[in-house]
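Tertiary structure, described
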Amino acid sequence: MQAAGVFSTGAVKDHARQELIDLLDSVRGKKGLVIDPSLSGPLSLVAEFTLLKEHGVEKIYHLAPGKLDTDCKSLIYICRPKVGHVKCIAGHIQTHSQHGVKISYSIFFVPRRSLICERVLEEEGVFGDVIVGEYHLDLLPLEDDLLSLELDSAFRELYLEGDTTAIFCMAKALMKLQTMFGLIPRIVGKGQYARSLADLLLRMRHEVLASAEDEEASAKIFPGFSEIDAMVVIDRTVDLITPMSTQLTYEGLIDEVFGIRSTFVELDPSMIGGPSAVPSGGSSTAHTPAAATKAKKVPLNSSDRLFAQLRDLNFAVVGGLLSQVARRIHEDYEGRHQARTVTQIKDFIGKLGNLQAEHQSLKLHTGIAEEVTKYTRDKDFNSMLEVQQNFVAGIISKPHIDYIEELIDKQTPLVQTLRLLSLYSLVDGGLKTKQYENFRRDIIQTYGHEHILTLQNLARVGILRKQDTSRHVYPQIRKAFRLIVDDVNEHQPNDISYVYSGYAPISVRLVQAACQKGVGGGSTTWEKSVAGPAPVGWKGWEEPMRLLPGPTFEEVQRTGDTRVVAKAVKPKQKVTLIVFLGGCTFTEVSALRFLSQQDEGHREFIIATTNMISGSSMLKSLMANFSRAPLNP
């Protein structure tokens, strides 16, 4: 369960909210708001519709190709800087102009404007008709301890296309955090892009200080008191194994089955007390039974106390906890029969509102748990999970390979097949050339020739590739970081491996090594060599860190103001920022929350990520898609 900490991301939300208000107020009078569909979720985390109405917004539209019918005299577009979006906006303006409709247009790009997009506006002949600005909506508070840029294509852009925009966006967002919470004294990390982020962050800081008019102005840029004691940056390619494994926490499985986007999940209304929706042929998620045409968006966050209690638990214990809650609510309702005096009746009525809210929450999560249970009891799910757990434990045999071939023969959805095959490749240092060619042929013949490109993409990012001459190091990594825990207790866990029922995420073991100087068990040579408290860093872990890809680094941000170093953090509890480049899974978040609780409250972890991912979403972003929508060129 997520614990309340000393650090709050509320200030980040307030900053984004105020900037949105200023943006809306910059256009006078009543106006229409046209939102990039990918931003509707993030914007809902910052401001509710009543706030938009208070600042002149009459109607809200989703950005889409074609004619935009509106009677608003002013339109504000808020969108990502994509060429497809800009062409769509230009089409709206040209259509209105042809019909003699006079509207004032403003475009605010999130989080930064793009020269390419401005050039497209010029080429379309509408640049002079629009006011172009920026809305710096970067790190969004999904929870009090979780921030996300919500860049859905970050992994593909970084590791396949070589587009480092996500690194720049993260660096700008972290600079903003430092101006709010103080300079972060120590920056450590692992991976090539992690190193790039640290370098860019240090350069940005020097540029900001150099642009100050004098030393007095320079001293005011960053607070003298830092609330964050250190930052650990993890490049996703350092740990590709974790996302390929099936998440087994309650929130993780909801993401696997339904898909969670910006804290919202789409559910059939019958699961939350409404009538069943009419099923449609398509499905927006990988594993939902029959997707519905009118699925209802339901928020999943810590304001729901029952969800806050369930989210980080292994799913195996969720059913029993729901039963306990149901019994308690029933007993509380039965308490009305004991109310005999006016005072007692008044007390019960005062509790009734909370009881009804708890009852509704119980109904929601019982419905979700029932659907997830259908998924987890499926024979194919359990067979796949068994093979996954054998792979990460280093057990690879012919029946496991035969099972993957069987998945292809049965035309199991390609994402599921590739996920298991990719995990095999990652733990075994790649596939033997003949084996790779056989799988490649079977996949192309079964799923279509367009997936020649899919397999090329997976090979380029190192997820599914042929073996080469490089040393196969996963067995040493598994031993050094104690990735497999045989005696895991899912009901009363004492190790982060409970989130995968026996496998500990490499990424979170790295955080343990940097912050706690151990990975549990105290059995490794490196753990024994590190004694006593030490600053966040890799001291004592140099040898095992070399087994993982990319550079290992430590940076100290020095400042002329000694207060930043001497009073780096509040004495009661240290706050450490964990940054994921390329995405983070819900199970990794759960594991980090567990670490905070196990550290007896001495250290709180705040997570900042480019986006939330699962193995399926990662693979989908890399798959060939020749029918991409025009808004996502």
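Everything that follows concerns the structure shown earlier in this document.
Below: a short report on this structure. (Residues numbered from 1 in each chain as written. Predicted model: local features only at pLDDT ≥ 70, side-chain atom pairs only at ≥ 80, totals over all residues. Heavy atoms only, no water.)

**What to know about unusual backbone geometry**
Here the residue pair V110 and P111 is connected by a cis peptide bond, since its omega of -5 degrees sits within 30 degrees of zero. Non-glycine residue Q411 carries a positive phi angle of around 55 degrees. Locating Q411 in the fold gives a position in the loop between α16 (398-409) and α17 (414-427). With relative accessibility at 57%, the residue Q411 sits in the exposed group. If you check the backbone angles, S501 has positive phi at about 55 degrees while not being a glycine. Judged by relative accessible area, which is 22%, S501 ranks as partly exposed. (Helix = DSSP H or I, 4+ residues; strand = E, 2+ residues; numbered from the N terminus. Buried < 20%, exposed > 50% of the residue type's maximum accessible area, 1.4 Å probe, protein only.)

**Things to note about the packing of aromatic side chains**
All told, the structure shown has nine aromatic pairs when counted by the stated rule. Aromatic pair Y159 and Y193: ring centres 5.3 Å apart, planes at 50 degrees, arrangement tilted. Of this pair, Y159 sits in helix α6 (residues 154-159) while Y193 sits in helix α8 (residues 192-210), and the two are 34 residues apart along the sequence. Looking at Y193, the relative accessible area reads 18%, which means it is buried. Connected via pairs of aromatic rings, a cluster forms that spans F155, Y159 and Y193. (Phe/Tyr/Trp six-rings, centres within 6.5 Å; stacked < 30°, edge-to-face > 60°.)

**Some thoughts on the packing of helix α18 (residues 433-447) against helix α19 (residues 451-460)**
At a minimum axis separation of 9 Å, α18 and α19 run at an interaxial angle of 140 degrees. With respect to the hand of their crossing, α18 and α19 are arranged in right-handed fashion. Across the interface between the two elements, Y436, R440, I443, I444 and Y447 of α18 pack against H451, I452, L455 and A459 of α19. Class assignment for the residues of the contact of α18 with α19 results in seven nonpolar, one polar and one charged. (Axes fitted to C-alpha atoms, helices over the stretch in contact; angles between N-to-C directions. Left-handed = near helix turned anticlockwise from the far one by under 90°. Contact = heavy atoms within 4.5 Å. Nonpolar A, V, L, I, M, F, W, Y, C, P; charged D, E, K, R; others polar.)

**Considering empty space enclosed by the protein**
Applying the stated criterion across every chain, the model contains four cavities of 30 Å³ or more. There is about 70 Å³ of room inside the largest cavity. The residue makeup of the lining of the largest cavity, split by class, is five nonpolar, four polar and no charged. (1 Å grid on protein atoms, 1.4 Å probe; cavity = no way out; pocket = protein on both sides within 12 Å on 5 of 7 lines; lining within 4 Å. Points joined across faces, edges and corners; volume = space filled by probe spheres on them.)

**Focus: the pairing of strand β6 (residues 140-143)**
The pairing of β6 with strand β7 (residues 146-148) spans three bridges and is antiparallel. By the bridge assignment for β7, P141 is matched with L147. The hairpin formed by β6 and β7 contains two residues between the paired strands. (Pairing = 2+ DSSP bridges.)

**Concerning the layout of surface pockets**
Size it by volume and the second largest pocket reaches roughly 560 Å³. Forming the walls of the second largest pocket are 23 residues, and the residues nearest its centre are T237, L426, R465, V473 and P549. Every element with two or more residues in the lining of the second largest pocket is listed here: α17 and α20 (474-480). Here the lining of the second largest pocket is built from residues that sort into 12 nonpolar, six polar and five charged.

**A look at the nonpolar core**
One finds F481 and L577 to be the most contacted residues of the largest nonpolar core, which totals 154 residues. The element that contributes the greatest number of residues to this core is helix α7 (residues 165-181), accounting for 10 residues. Two domains each provide a minimum of three residues to this core, namely domain 2 (250-377) and domain 3 (380-472). Ignoring sequence-local partners within four residues, the contact set of F481 consists of R509, L510, V519, W541, P544, M545 and L548. Listed in part, the 23 residues of the second largest apolar core include Y61, I107, F109 and V132. (Core = buried A, V, L, I, M, F, W, Y, C linked by side-chain atoms within 4.5 Å. Domains from an automatic or database assignment.)

**Focus on helix α26 (residues 615-622)**
The buried fraction of α26 is high, at six of eight residues. Looking at α26, one finds that the buried residues are G615, S616, M618, L619, S621 and L622.

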